[in-house]
Amino acid sequence: MKKFKRLPIGRSDFKSIIEDNMYYIDKSMLIKEIIESGDVILITRPRRFGKTLNMSMMKYFFRNDQDNKHLFEGLKIWKEKEIIEKYLNKYPVIYLTFKDAKKQELLSMKIKMKTLIKEVYDDHNYLLNSEKLSEIEKKYIKQILELEKIDGNTIDEKIRKEDELYENSLRNLSEYLYKHHERKVILLIDEYDTPIQQSYLKGYYNEFINFMGNILGNALKDNEYLEKGVLTGITRVAKESIFTGVNNLDVSTILGKLFNDKFGLTWEEVEETLKYYGLEYEKEKVIEWYNGYNFGGKEIYNPYSIINLARNKGEIKYYWINSSGNELIKQLIRQSTAEVKTKIEELIEGKTIESSIDENLVYGDLDKSTEESIWTLFLFTGYLTWVEHVGEEGEPRYSLRITNKETLQFFKKTVMDIIKESKIHYESILMELIHENYEEFKIAFKRIVERTISYFDVSGEEPERFYHGLILGMVVGLSKKYIVKSNREAGYGRADVILIPKEKKEPGIIFEFKKHYIKEGNLKNSAEKGIKQIEEKGYEEEIKSYGIEKIIKVAIAFDKKNVEIIVK
C-alpha cells in the first residue's frame, strides 16, 4: 500500500512542514515576486488561504541568523540562482503575527500588542551586547524587555510614556538591527488587521486605531532602515495614520493580478493533490464545492477545504465555513437594511447582484451601513466572488455571486437564520404600533437604537438613513399584509415611509424622521415638527385613496442615539 505524505493540518510553520517531509504545494516563487515589488507590500486574502504559511516561508528565506538553505533546495525558487545568492539568509528579519490578538477591551489589547512586540525584541536580545549601539539605545531595549523601569511621576504619565515607547518600537528595532548587521531590515507582519477588527467589534476602535496606527505608521513611513515591508490581512483597513504617506506601496487584493496564484490553490495544484492521494474521481464535486474564488482573473480553490478533503479520504463536507465564528459578518447581516436582506435572498436563489467595491474599505465605513461596505466585506472575506467587472473604465463596479456550494451553506444556514430572527423580532415591534400599544413600541424601538448605534453612526451627512433602514428592516416581514412605499411622492411632499394595508380594516402608517437641531429646543419639539409636516404636507392622502380610514402618524426625532417618538 502506498504510504502518503502527512498533510499539514493545523500547521503554518514552513520549516517544520519541510523538515517533517509533509505534503507541501510549492509557492516559493512568491519570494521572487515580493523582491521585484515595492518597498512596502500589503496583501489581503480571505482567512485560511495560506497567508501565514507564506509569511513563515519568507521569514526563513531572508533571516540571516541561521542557515536555512536545505529548506529551499528542490523548490522552484532554488532555480533562481541570482536571488538565492543575493537574498537567501542575508537579512535581519522582524517577524510578527497578530492572528491571536483578540481581546475584549482596550487595556487588554494594548497589553497583548506590547507582549508580542516584547517577544520580538527578546528574539534579538543579542543587541544588548552589540558594540555598535549606544547606551541610550540599549536602555530603550531594556525598557521594552522590562529590564529597566520607565520613569514617571504618576501612573497616567507612565502609561503615556510606555505607549509612546511601543509606538516607536518597530521603527527603532529596525534601526538597531541595521546598525548591528549593517544590512537593511525585512519587516513581516501577518494578520495585521485582526486586532483592528477586534477593536471594532468590541467597541474600542476609535481609541485603539491611533495606537496601532502609530506602531505601523512609524515603522513603514520614510523608514530608511527598511529593505522590505510585507503585511497580510483580510482587508485593507486604510487609515490616515497607517498607510497615507507610505512611499512605494504595492497593494494586492483579490481584484488585482499581483500574486494572484500565490494564495489558495490553482486547478493544476488541486488536480495534482487529488491525484497524489488517489481522489481523481472527486473532481466534479470538488469543482462544485470548493472553487469559484476569483483572484485577479485567476480561478482559485480553497486550500483549507482541499487539504481537509484529502485527509478525510474524499469526504465532501463543509470544512472552511465551520472554521471561524464570522462574528463581524453576522453582526453586519443583523443590522443591514431590508434592501440588503432582499439581495441576500436573491443570491441564495443563484442570482447575481451588482455593486461598487471599495478596495480601501475601512472599519469606520461599516458604521455608515452602506451596501457598498457590506458587499465589499463579503467579497474580501470569501463569501462572495466577483464574476466580471461591470463598471465603466476605472469604475470599481462588479457583478457578484455566492462563491460555491460550501459558502452557499453558510448563507442558507447562518445568514437566513439571522434574517428570520430579525424579521420575527422586528415584526413583533411593529405589531405593537398596529395594535395601538404605542408606549411599548416606543420602548422597543429605543432599545434597538441603543443596541445598534455603536455599529451604525447617525452623525454623518445623511443621519436619517439609519432610521429609514431600521424601519424598512422591520416591515420586511409584513410584505403580505402591507404595501410598503419608501421616499415616494405623497400629497404635497415626500413621506419617508408609508405602509398601506391590503385589508381596509387595518390601519395605514406614516413614518417621518427628523434630525434634531439645537435651535429647535428639545427633541420633543423636533418630533412635533415631524407630526406637523405629515399633516401640513398631506401625506395621508395616498393612504386614503386606497379606502383606508384609520391612519397612524409616527414622527421620530433623533440626536445620535437619543430618540423622541410621537405617535398620533
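Residues numbered from 1 in each chain as written. Predicted model: local features only at pLDDT ≥ 70, side-chain atom pairs only at ≥ 80, totals over all residues. Heavy atoms only, no water.

## Quick notes on the overall build of the protein chain
Secondary structure assignment for the protein chain yields 23 helices and 17 strands. Per-residue burial for the protein chain yields a buried fraction of 55% across its 568 residues. Long-range pairs, those at least 24 residues apart, make up 71% of the contacts in the protein chain with a sequence separation of at least 6. (Helix = DSSP H or I, 4+ residues; strand = E, 2+ residues; numbered from the N terminus. Buried < 20%, exposed > 50% of the residue type's maximum accessible area, 1.4 Å probe, protein only. Contact = heavy atoms within 4.5 Å.)

## Quick word on the packing of helix H7 (residues 135–144) against helix H9 (residues 169–181)
H9 packs onto H7 with a crossing angle of 130 degrees between their chain directions and a minimal axis gap of 11 Å. Between H7 and H9, the angle falls in the class oblique. Considering how the two elements wind past one another, H7 and H9 form a crossing that is left-handed. Across the interface between the two elements, Glu-137, Tyr-140, Ile-141 and Ile-144 from H7 touch Ser-169, Asn-172, Glu-175, Tyr-176 and Lys-179 from H9. (Axes fitted to C-alpha atoms, helices over the stretch in contact; angles between N-to-C directions. Parallel < 35°, antiparallel > 145°, perpendicular 65-115°, else oblique. Left-handed = near helix turned anticlockwise from the far one by under 90°.)

## A word on the environment of Ile-566
By the element assignment, Ile-566 lies in strand S17 (residues 562–567). For the pair Ile-566 and Tyr-438, spaced 128 residues apart in sequence, the C-alpha separation works out to 8.9 Å.

## Description of helix H13 (residues 283–290)
Of all the positions in H13, only Val-286, Trp-289 and Tyr-290 are classed as buried. In an axial view of H13, the angular spread of the buried residues amounts to 80 degrees, which keeps them on one side of the axis. Just past H13, the residue Gly-292 takes up positive phi, approximately 100 degrees. (Arc of directions from axis to C-beta.)

## Description of the pairing of strand S1 (residues 40–44)
Burial analysis of S1 places five of its five residues in the buried class, the great majority of the element. Residue alternation in S1 divides its side chains into two sets, Val-40, Leu-42 and Thr-44 and Ile-41 and Ile-43, and both sets are buried. When S1 meets strand S4 (residues 226–233), the two strands line up parallel, connected through five bridges. Bridge pairing in S4 links Ile-43 to Thr-232. The pairing of S1 with strand S5 (residues 249–252) spans four bridges and is parallel. By the bridge assignment for S5, Val-40 is matched with Leu-249. (Pairing = 2+ DSSP bridges.)

## With respect to helix H12 (residues 267–276)
Because each turn of an α-helix spans 3.6 residues, side chains separated by three or four positions in sequence point in the same direction. Within H12 the residues assigned to the buried category are Trp-267, Glu-269, Val-270, Thr-273 and Leu-274. Axial view of H12: buried residues confined to an arc of 160 degrees, hence all on one face. Structural note: H12 exposes Glu-268, Glu-272 and Lys-275 on the side pointing more than 90 degrees away from its buried face. Taken together, the buried residues of H12 touch H13, strand S7 (298–300) and helix H14 (303–311). Two residues or fewer after H12 comes Gly-278, characterised by a positive phi angle close to 65 degrees.

## Some remarks on the confidence of the model for the protein chain
Per-residue confidence for the protein chain averages 87 on the pLDDT scale, and 89% of its residues sit at or above 70. Counting interchain partners and residues more than four positions distant, the pLDDT-below-50 stretch residues 454–459 has 19 contacts. (pLDDT = per-residue confidence, 0-100.)

## Concerning the sheet that holds strand S2 (residues 93–97)
Spatially, the five strands line up as an open sheet ordered S2-S3-S4-S1-S5, and their pairing is parallel. Among the strands making up the open sheet, the edge pair consists of S2 and S5. Here the average twist between neighbouring strands, direction ignored, is 10 degrees. Packed on one face of the sheet, helix H3 (residues 51–62) meets S2, strand S3 (185–190) and S4 and runs near 160 degrees to S3.

## Digging into the layout of surface pockets
Quantified by volume, the largest pocket comes out at close to 1400 Å³. Taken together, 50 residues make up the lining of the largest pocket; nearest its centre are Arg-47, Arg-48, Phe-49, Thr-52 and Glu-191. Residue assignment for the lining of the largest pocket shows that the elements contributing at least two residues are H3, helix H10 (194–201), H14 and helix H15 (327–335). No other element matches the five residues that H14 contributes to the lining of the largest pocket. A class-by-class count of the residues in the lining of the largest pocket yields 22 nonpolar, 16 polar and 12 charged. (1 Å grid on protein atoms, 1.4 Å probe; cavity = no way out; pocket = protein on both sides within 12 Å on 5 of 7 lines; lining within 4 Å. Points joined across faces, edges and corners; volume = space filled by probe spheres on them. Nonpolar A, V, L, I, M, F, W, Y, C, P; charged D, E, K, R; others polar.)

## Brief notes about the side chain of Ser-356
Counting through the fold element by element, Ser-356 comes out in strand S8 (residues 353–356). A polar atom in the side chain of Ser-356 sits 3.4 Å from the side chain of Arg-397. Not counting residues within four places of it along the chain, the set of residues in contact with Ser-356 comprises Glu-372, Thr-376, Pro-396 and Arg-397. (Polar contact = N/O pair within 3.5 Å; in protein donor to acceptor, adjacent residues only side chain to side chain.)

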